[in-house]
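Notes for the structure review
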Amino acid sequence: MTDAARAVDPPERMCPSTPAANATVFLGMITPAGRVAYVTPAMPAEVALATAGDSGTPVESRFRLAGPCVTTSCGFWTGEHCGLGARMAASYAETAGPAEPELPKCAIRRTCRWFAEQGPAACPACSHVVTDAR
């Protein structure tokens, strides 16, 4: 690929809330308060999955994992954007008010689907998401 082609190709978008089966990045731990404690720099998902053990609870209820956005293969894809990211950002803004000025340290922000579509408003909402892996 030429430098010119690389400059116009958008980065692969990452889903910040993917099930373990599609995960490539360990994004963070779910705290007892239900918030994400982000891990930076980026770590491979295998690191978290190898330590998960078999506790009987889904790994997604303990770890936040990210992976490539699967667009049309995802139930939240609207045909144009991620409906979950949009819904989370809007809901958080309604209930919590304006976004915090300092964004959490996130290993995937540069390629995050939610951040690309919702901007900084996605970040505070994201830290409250626990992936439903049912």
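In what follows, the accompanying structure is described.

Criteria and cut-off values
- Residues numbered from 1 in each chain as written.
- Predicted model: local features only at pLDDT ≥ 70, side-chain atom pairs only at ≥ 80, totals over all residues.
- Heavy atoms only, no water.
- Buried < 20%, exposed > 50% of the residue type's maximum accessible area, 1.4 Å probe, protein only.
- Helix = DSSP H or I, 4+ residues; strand = E, 2+ residues; numbered from the N terminus.
- Pairing = 2+ DSSP bridges.
- Expected span 1.5 Å × (residues − 1).
- Contact = heavy atoms within 4.5 Å.
- Phe/Tyr/Trp six-rings, centres within 6.5 Å; stacked < 30°, edge-to-face > 60°.
- Lys NZ or Arg CZ within 6 Å of the ring centre and 35° of its normal.

Take the pairing of strand 2 (residues 25-30) next. The side chains of a regular strand alternate between both faces of the sheet. Most of strand 2 is tucked away: five of the six residues are buried. Note that strand 2 and strand 3 (residues 36-44) share five bridges and pair antiparallel. Along strand 3, the bridge assignment pairs Gly28 with Tyr38. Hairpin geometry of strand 2 and strand 3 is characterised by an intervening segment of five residues between the two adjacent antiparallel strands and by a positive phi of about 85 degrees at Gly34. The pairing of strand 2 with strand 4 (residues 63-68) spans four bridges and is classified as antiparallel. Each bridged residue has a counterpart across the sheet, and for Met29 the counterpart in strand 4 is Phe63.

Here helix 3 (residues 83-96) spans 20 Å end to end across 14 residues, near enough to the 20 Å set by a 1.5 Å rise per residue. Taken together, the buried positions of helix 3 are occupied by Gly83, Leu84, Gly85, Ala89 and Tyr92. Of the surrounding elements, those touching the buried residues of helix 3 are helix 4 (113-118) and helix 5 (122-126).

Turning next to the packing of aromatic side chains. Scanning the entire structure with this criterion turns up one aromatic pair. Summarising the aromatic geometry, the rings of Phe26 and Phe63 are spaced 5.5 Å apart at their centres and angled 90 degrees between planes, so their arrangement reads as edge-to-face. Of this pair, Phe26 sits in strand 2 while Phe63 sits in strand 4, and the two are 37 residues apart along the sequence. A cation sits over an aromatic face here: Arg109 above Phe115, 5.7 Å from the ring centre.

To continue, consider the environment of Ser17. For Ser17, the location among the structural elements is in the loop between strand 1 (14-15) and strand 2. Classification of Ser17 by relative accessible area gives buried; the value is 12%. When the C-alpha positions of Ser17 and Val130 are compared, they lie 7.6 Å apart, and in sequence the two are 113 residues distant. Excluding anything up to four places from it in sequence, Ser17 contacts Arg64, Leu65, Trp114, Val129 and Thr131.

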